[in-house]
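Observations on the model geometry
So you can see what is in the structure, the chains are spelled out below.
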Amino acid sequence: MKNLKLIFIFAFVFVLFSCNKQDRHVETENQGSTQNVAPDSNSQTQKEISNKWIGQYTFDESAPNAAGSGAQSWSYVIKISAKDDDSLVALIQVDGFQTITRIEAEVKATEKNADFIFSKYGAENVFETYKKGEKLFSLEINEKNEMITNWDKMKPNVVDNQASGKVMFKKVIS
């Protein structure tokens, strides 16, 4: 019984002293994730990167009609907007010869690259060929500061335009 009283007293004293300890304030300023690394003044925040890509982009293509008279043409329009502070969405429209495409895509953007990931079809879409999560294409800023297109699941209608690494889209509205 005496031993039990001693254990109880030691436990009580231990709890009393541990409750009296002062909380330490940990400095978290200028810390990234779990490492104590100084901030890079050249790096951009996700919001700055997103704002860089927001806008409207266009690309037009045409090909001679198979019957020999006139031409077949298509107009591509991408409207990128902010979904929230950290993510972007795009509405992609393709209109032209036997084509009405309406796509909503998620945009995964970095400073130099934007990937367009299929989310769903819009109301007026005619053909459904993509599945949720598929990468449609990407826009990339190269070393000459040109915007090149790297096609994936989505390709242009004119065969000569289907090779990746060409300048296709132009930003027309910021």
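Summary of the structure given here. (Residues numbered from 1 in each chain as written. Predicted model: local features only at pLDDT ≥ 70, side-chain atom pairs only at ≥ 80, totals over all residues. Heavy atoms only, no water.)

With that settled, the discussion passes to the overall build of the protein chain. Within the protein chain, the secondary structure is distributed over two helices and nine strands. Summing over all exposed atoms, the protein chain offers an accessible surface of approximately 12,300 Å²; the carbon and sulfur share of this is 52%. (Helix = DSSP H or I, 4+ residues; strand = E, 2+ residues; numbered from the N terminus. Areas by Shrake-Rupley, 256 points an atom, 1.4 Å probe, with all protein chains shown as cover.)

Right, let's talk about the pattern of salt bridges for a bit. The tally for this structure, following the rule as stated, stands at five salt bridges. Here E124 and R102 are joined by a salt bridge, their closest N and O atoms 3.7 Å apart. Of this pair, E124 sits in the loop between β5 (113-121) and β6 (135-141) while R102 sits in strand β4 (residues 99-109), placing them 22 residues apart in sequence. Through salt bridges with shared partners, a single network forms among D95, R102 and E124. (Salt bridge = Lys/Arg side-chain N within 4 Å of Asp/Glu carboxyl O.)

Moving on: the sheet that holds strand β3 (residues 87-96). Remark on secondary structure: sheet strands pair via backbone hydrogen bonds, oriented parallel or antiparallel. If you trace the nine strands from one edge of the open sheet to the other, you get β8-β7-β6-β5-β4-β3-β2-β1-β9, paired in antiparallel fashion. Edge positions in the sheet fall to β8 (166-167) and β9 (170-173), since each has one partner strand and no second. Where β6 and strand β7 (residues 147-151) come together, five bridges link them in antiparallel fashion. Bridge assignment links I141 to a residue of β7, and that residue is M147. (Pairing = 2+ DSSP bridges.)

Mapping N157 onto the fold places it in the loop between β7 and β8. The sequence separation of N157 and E61 amounts to 96 residues, and the corresponding C-alpha distance is 8.0 Å. If sequence neighbours within four positions are ignored, N157 has contacts with E61, W74, Y76, T99 and Q162. (Contact = heavy atoms within 4.5 Å.)

Bringing the nonpolar core into the picture now. Of all hydrophobic cores here, the largest spans 32 residues; its most connected members are W53, I78, I92, F116, L136, F137 and F169. Breaking this core down by element, the ones donating at least two residues are α2 (46-53), β1 (55-64), β2 (71-84), β3, β4, β5, β6 and β7. (Core = buried A, V, L, I, M, F, W, Y, C linked by side-chain atoms within 4.5 Å. Buried < 20%, exposed > 50% of the residue type's maximum accessible area, 1.4 Å probe, protein only.)

Before going further, it helps to examine a nonpolar patch on the surface. A cluster of nonpolar side chains, namely I100, V126 and F127, defines an oily patch on the protein surface of about 280 Å² accessible area. Relative to the helices and strands, I100 resides in strand β4. (Patch = residues over 30% accessible without salt bridge, like charges linked within 9 Å, V, L, I, M, F, W, Y side chains within 5 Å.)

Here the focus is the pairing of β2. As paired elements, β1 and β2 share ten bridges and run antiparallel to each other. Its bridge partner lying in β2, Y57 is registered against I78. The antiparallel pairing of β1 with β2 creates a hairpin that spans six residues between the two strands, and G68 there sits at a positive phi of about 95°. Bridge count for β2 against β3 is ten bridges, and the pairing is antiparallel. Following the sheet pairing, Y76 is matched in β3 by V94. As consecutive antiparallel partners, β2 and β3 are separated by two residues.

Everything listed here is a matter of geometry and, on its own, says nothing about what the molecule does.
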